[in-house]
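# A look at the structure
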Amino acid sequence: MPTITAHCIIKNEENFVGYAIKSVIDFVDTVLVFDTGSTDKTVNIVQGLIKEYPNKIIFEEKGECDKIRHTQLHQEMVDRTKTDWFMILDGDEVWTKRAMEEVKEIIEKGSFDGIKTGFYECVGDIYHRHYKESYVTARFAKVGDAVWKGDYNQDKLCTKAGEDFFKTKNIYTLQNRFWHLTHLLRSAKDSSDYSSGGSRAGKRIKTYFFLGRTISEPVPEVFNGGNFKLSMTRSLINFALLVISRLKNL
């Protein structure tokens, strides 16, 4: 049966990293986690997970890194992977059991080299998505002919010959999606940190009051029992901030 290692590079992800890792850990063989300078509770959360899953999580603190170093760490993960496949898992990405079961089914068939998937870009809370639905990203690849090129926000997986891995290989697109929480509060610290597409604080002004649509399917199982609902008051404030920011850019 094919094996999988999840690659997880994190920094200040205390609100969701535990959910992200736990949402996939029963479906992968190893989770390789690199922390790049967290100053919140992220490291403690991962260390707690190691106690719960001592034989599945490999954790290393790599210190602060720039965009080039970020891609180098991605490649280090690939170089150290001993499984047949690897998974890209960010600290703000949470999966459902149904999506991971579909992944396992496709990988076991052995007909594909990589897997792409759609995701819900959550706004406001975990129950609302951005009204646009055309989000697809690459998240699984066979080990062997996959290498990382570029730097953070522009990096991508290529073949050793330099071609785009997900354009030249046999790729499957999942029917199920994961929850992408990049626009939610991911940590109590470092709101000014760069995050793909802008600062974290800048992203959080996206709100379900104007941009959000209700997600029609059940949220990932690891969220059950948690309170992740944004108040209407907070949503209205976010909407006002969103308008102000757009006016300033005119």
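Our structure's up above, just so we're on the same page.
Below you will find a few notes about this structure. In this text, all values refer to a predicted model and were calculated from it rather than measured experimentally.

## Some details on the overall build of the protein chain
Looking only at helices and strands, the protein chain features 7 helices and 14 strands. Taken over the C-alpha atoms alone, the protein chain extends approximately 50 × 40 × 35 Å along its principal axes. Within the protein chain, the proportion of its 250 residues that are buried is 52%. Relative to all contacts within the protein chain whose residues are 6 or more apart in sequence, the contacts with residues 24 or more apart total 77%. Accessible area for the protein chain stands at about 11900 Å²; split by element, carbon and sulfur atoms hold 49% of it.

## Remarks on helix α2 (residues 42-52)
Here α2 has its buried residues at T42, V43, V46 and L49. Summarising the axial view, the buried residues of α2 lie within an arc of 120 degrees, below the 170-degree limit, and thus occupy one face. In this structure, α2 carries N44 and K51 as exposed residues pointing more than 90 degrees from its buried face. Buried residues belonging to α2 abut β1 (4-10), α1 (17-24), β2 (30-35) and β3 (57-61).

## Notes on the sheet that holds strand β5 (residues 93-94)
Spatial strand order, β3-β2-β1-β4-β8-β6-β11-β5: 8 strands in an open sheet with mixed pairing. Single-partner strands in this sheet number two, and they are β3 and β5. In this structure, strand β6 (residues 114-121) lies alongside strand β8 (residues 136-142), joined through 5 bridges in antiparallel fashion. Within β8, the residue paired with G114 across the bridge is A141. In the packing of α2 onto the sheet, the strands contacted are β1, β2 and β3, and the crossing angle to β3 comes to about 155 degrees.

## A look at the pairing of β2
Most of β2 sits out of view: 6 of its 6 residues are buried. When β1 meets β2, the two strands line up parallel, connected through 6 bridges. The partner of A6 across the bridge, within β2, is V31. The parallel pair β1 and β2 is bridged by α1, and the resulting crossover is right-handed. For β2 and β3, the ladder comprises 5 bridges, and the chain directions are parallel. Bridge assignment links D35 to a residue of β3, and that residue is E61. Handedness of the crossover joining β2 and β3 through α2: right-handed.

## Some words on unusual backbone geometry
In this model, N12 sits at a positive phi of 50 degrees, which is unusual for a non-glycine residue. As for its placement among the helices and strands, N12 is situated in the loop between β1 and α1. Under the relative-accessibility criterion, N12 is labelled buried at 0%.

## Topic: the packing of aromatic side chains
The final tally for this structure, using the stated rule, is 13 aromatic pairs. Arranged with centres 5.6 Å apart and planes meeting at 80 degrees, the rings of Y19 and F228 form a pair that is edge-to-face. Taken together, the residues span a long stretch of sequence, with Y19 in helix α1 and F228 in the loop between β14 (212-214) and α7 (232-248) at a distance of 209 residues. By relative accessible area, Y19 is classed as partly exposed at 28%.

## Structural notes on a nonpolar patch on the surface
A cluster of nonpolar side chains, F209, F210, M232 and L236, forms an exposed patch at the surface whose accessible area comes to about 380 Å². Mapping L236 onto the fold places it in helix α7.

## Remarks on the environment of I106
Mapped onto the fold, I106 is located in helix α4 (residues 97-109). Along the primary structure I106 and D29 are separated by 77 residues, whereas in three dimensions their C-alpha atoms are 16 Å apart. Excluding anything up to four places from it in sequence, I106 contacts F112, I115 and Y172.

Rules behind the numbers
- Residues numbered from 1 in each chain as written.
- Predicted model: local features only at pLDDT ≥ 70, side-chain atom pairs only at ≥ 80, totals over all residues.
- Heavy atoms only, no water.
- Helix = DSSP H or I, 4+ residues; strand = E, 2+ residues; numbered from the N terminus.
- Buried < 20%, exposed > 50% of the residue type's maximum accessible area, 1.4 Å probe, protein only.
- Contact = heavy atoms within 4.5 Å.
- Areas by Shrake-Rupley, 256 points an atom, 1.4 Å probe, with all protein chains shown as cover.
- Arc of directions from axis to C-beta.
- Pairing = 2+ DSSP bridges.
- Axes fitted to C-alpha atoms, helices over the stretch in contact; angles between N-to-C directions.
- Right-handed = clockwise from strand over helix to strand, strands pointing away.
- Phe/Tyr/Trp six-rings, centres within 6.5 Å; stacked < 30°, edge-to-face > 60°.
- Patch = residues over 30% accessible without salt bridge, like charges linked within 9 Å, V, L, I, M, F, W, Y side chains within 5 Å.
- Salt bridge = Lys/Arg side-chain N within 4 Å of Asp/Glu carboxyl O.

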